[in-house]
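# Descriptive analysis of the structure
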Amino acid sequence: MSYTLNVKRKPKPSPQRAEGEEPPTKMTKLAIVEDREEDRYETATVVKCWACDEDKGRELPEAVANPKIKSLVDGIMQTMSSARQSEVKAWEEEILPCEHTFTLYQETTGHIPASGLAKCASCDLKENLWLCLTCGSLGCGRQQFGGVGGNGHGLGHFESTGHPVSVKLGTITPEGGADVYCYICNDAKLDPEMAAHLATFGINVQTLSKTEKSMTELQIEHNLKYDFSLTGEDGKALEPLFGPGLTGLANLGNSCYIASTLQALFSLPSFQSRYYPTYASFNHAKTCPEPLPASCVECQLRKIADGLLSGRYATPAQHHNHRYAPGVKQPEGQAPTEFQAGVKPSGLKALVGKGHAEFSTMRQQDAEEFFGYLIDTVRRDAQKHKDRAAEGDATAAFAYGMEQRLQCTSCGGVRYRVDNADVVSVAVPTFESGKDADGKAIYTPVELMRCVEALLGEEDLDGYGCPACAKSVRAVKQSCFASFPDVLVIHAKKFQLVNWVPTKLDVPLLLPDGDVLELREGHLGQGIQPGETALPEDAAPASTLPEFDAMAMAQLEGMGFPPIRAQKALLATGNRDAEAAMEWLFAHMEDPDIDAPIVAPGGKSGAAELPAEQIELIQDMGFTKAQGRKALRETDGDMERAVEWLFSHPDDAGEEASAASASTPESTKAVPGSTQVPARYRLKAFVSHKGPSVHSGHYVAHVRVGEQWVLFNDEKVVKADEDSVRDLKSLAYLYFFEKV
């Protein structure tokens, strides 16, 4: 790369209102407004030659006189950046129809009561009413943020009748817009025939006006009101921090789950040493095999590392005073606190989320799920580019083995298995001790170490088919660590489904003294012991394919159909009529899996040939053809499961080595991590979530820098006070412990 385009942007001064000029109209509703960059910034561009000056790049102001170069510069400036695309989509939510709104059946039941007279059929509530579009029943909704009452009688009506679609009265507009909810899909949906469906119950949308907030407006209001305190117990604003390792990440719109996870990751030495060295980033930039940095995982991670760790971007932002959330006042007597503008992780978000059903959207996501998906993305990239192996694997710090022991209570036989993992997910028990003034449940604190030990406890399995006893018996299953990681990540599972909605339970977790957690010999599995008898391997399930009709097979093969197609056709048509099978074949000639091997229920596809395109895709990820073939056979040809199998069996060489390794027990395979005990860990970072569910609220990260805790709240980086650390640490969602 010899030439670059340097783009300099200078914020335009904010327009001042003239004396006597009317103030702008108060915004009463959140609206999506096209905010153009040219309206906010003055932009200057210059071409630089780095071959002429390797340190600073030589500016070539005359280069734009060349029509070809000017065309390239104009094209770059007119192209929508990933950051700009994220800004446009930040608050968009796509709501589509479903099969239940398309095929809605209505019973004629007459008109419902007029506006103001209608009430819930099961209680006296007259607001937050949902109209069943099948029978016209009125039921109150579930209680919502902002004091909107509800007893869930609309949901109860669905559970008793099965009528799937309801509309929220008070949100209906003359244009036919309204909140429509499908209980079967458990999501907001669009009713294309809303006006006609409402007319069945005597409702003319043209005469209605919106009188209640929609679910989207309530959700946005909910999110905006959540703000982690940026003031201490004394009422003073917390001290903003700047410098290397203290750079914030700008919120792209519901991207706090990304920001908090990245802050925790890049506080760890394994990520800092792998992605931050400037000389290594410069060398990679010269040899990067991808055509564009935007499509290279390595480039994006090095870019994030430089942004967070260099300190170049950790400076007070011009015209970026902190604005407190609605209802939170600026402390009296204090000047507005200045924070950073923050680095925008838009490139990494676009690349990592590409093709993912959730992470490619602008919706709020689960931080633990994103952590796992990001780790898998980094490992897939490493498999694809094995030439970088000498640079190390930053994700190896999280890897450990979990031993599963299964014992038959009848014959005493045992079976051991070791699975690789990166996160210790612990269930948090709930013991309600009362309610607060708002009626919210208060839970008894639980020790974090007790949750970990509960994960390692015994579990009864009824109906286990013992291969030695050849009958259904009761078995006992127990988990132990097979090894300990360098960085122990604990996921506190505090979300539960309440009335079909993922709801967070604020159960306080008590950490050990000094935030030091110790795993001892009793937490470590020892594998099969002397005197124990290993259970035999489960017999391969017998094929349940029928015996194909010989005459029909002969007729179909005589017509030129391959045997595999003839067998599939007979299976689909009852295995007795060649004519019906032939008609089926003509109707399914273009099926992509028409020549795929037949897999018997519960069986493998045997030695049948696997689709070449799937094997090629796996090879593109850096695995061998033998590994790809074995993974696909182990997972019945399921591509997604095959990739997961490969990452959970990194030492399996595949089919080529299967004969030599057939007698190698599972316990002899390399297990990541260490078996040295005791393993002591100290809390390095934790990610907290504030809000009622995974679909709302806000994530922040706390990181221990030296002996001081630092709060990373998107672009706002402040010195955390002891009280907030103590409170939020007990309610954290993800914990990162470093081995000491």
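Everything that follows concerns the structure shown earlier in this document.
Analysis parameters
Each chain has its residues counted from 1, running along the sequence as written. In keeping with the model being predicted, local features are shown solely for residues with a pLDDT of at least 70 and side-chain atom pairs are shown and tallied solely at 80 or more, while totals for entire chains, interfaces and linings include all residues. Excluding hydrogens and water, the side-chain values take into account all heavy atoms of the structure. Any Lys or Arg side-chain nitrogen located within 4 Å of an Asp or Glu carboxyl oxygen qualifies as a salt bridge. Working definition: helices are DSSP H or I runs of at least four residues, strands are E runs of at least two. Numbering for both runs from the N terminus. To sort residues, take the accessible area from a 1.4 Å probe on protein chains only and compare it with the maximum for the residue type: under 20% means buried, over 50% means exposed, and anything in between is partly exposed. Strand pairing is assigned whenever DSSP detects at least two bridges linking the two strands. Note on method: axes are straight lines fitted to C-alpha atoms, helices fitted across the in-contact stretch only, with angles between N-to-C directions ranging 0 to 180 degrees. Any cysteine sulfur atom paired with another within 2.5 Å is treated as part of a disulfide.

Another point: the pattern of salt bridges. By the definition in use, this model includes 26 salt bridges. Salt-bridge contacts for Arg388 lead to Glu298; the nearest nitrogen and oxygen are separated by 3.7 Å. Here Glu298 lies in helix α11 (residues 297–309) and Arg388 lies in the loop between α13 (367–384) and β11 (400–408), a separation of 90 residues in the sequence. Its relative accessible area of 9% is what places Arg388 among the buried residues.

Next up on the list: the sheet that holds strand β8 (residues 165–168). Read from one edge of the open sheet, five strands run β5-β4-β8-β9-β10, paired in antiparallel fashion. A strand with exactly one partner marks an edge of an open sheet, and here the two such strands are β5 (138–140) and β10 (187–189). Each strand axis lies, on average, 40 degrees off the axis of its neighbour in the sheet, ignoring direction. The pairing of β8 with strand β9 (residues 180–182) spans three bridges and is classified as antiparallel. Along β9, the bridge assignment pairs Val167 with Val180.

Further remarks concern the sheet that holds strand β3 (residues 58–60). Taken in spatial order, the three strands of this open sheet run β1-β2-β3, and their pairing is antiparallel. Two strands in the sheet have a free side with no partner beyond their single neighbour: β1 (3–11) and β3. Sheet twist, expressed as the average angle between the axes of neighbouring strands with direction ignored, equals 45 degrees. Sheet topology note: the β1/strand β2 (residues 41–49) ladder contains nine bridges and is antiparallel. Residue pairing across strands places Lys10 opposite Glu42, the latter belonging to β2.

What follows concerns the state of the cysteines. Throughout the structure, instances matching the rule amount to one disulfide. Disulfide pairing places Cys49 opposite Cys52 at an S-S distance of 2.5 Å. Here the disulfide of Cys49 and Cys52 is right-handed, its torsion about the S-S bond being about 75 degrees. Here Cys140 stays free of any disulfide, with the sulfur of Cys123 as its closest cysteine sulfur at 3.8 Å. On the accessibility criterion, Cys140 (0% relative accessible area) is buried. In this model Cys185 remains outside any disulfide bridge; the closest cysteine sulfur is found in Cys182, 3.6 Å from its own. The exposure class of Cys185 is partly exposed, given its relative accessible area of 31%.

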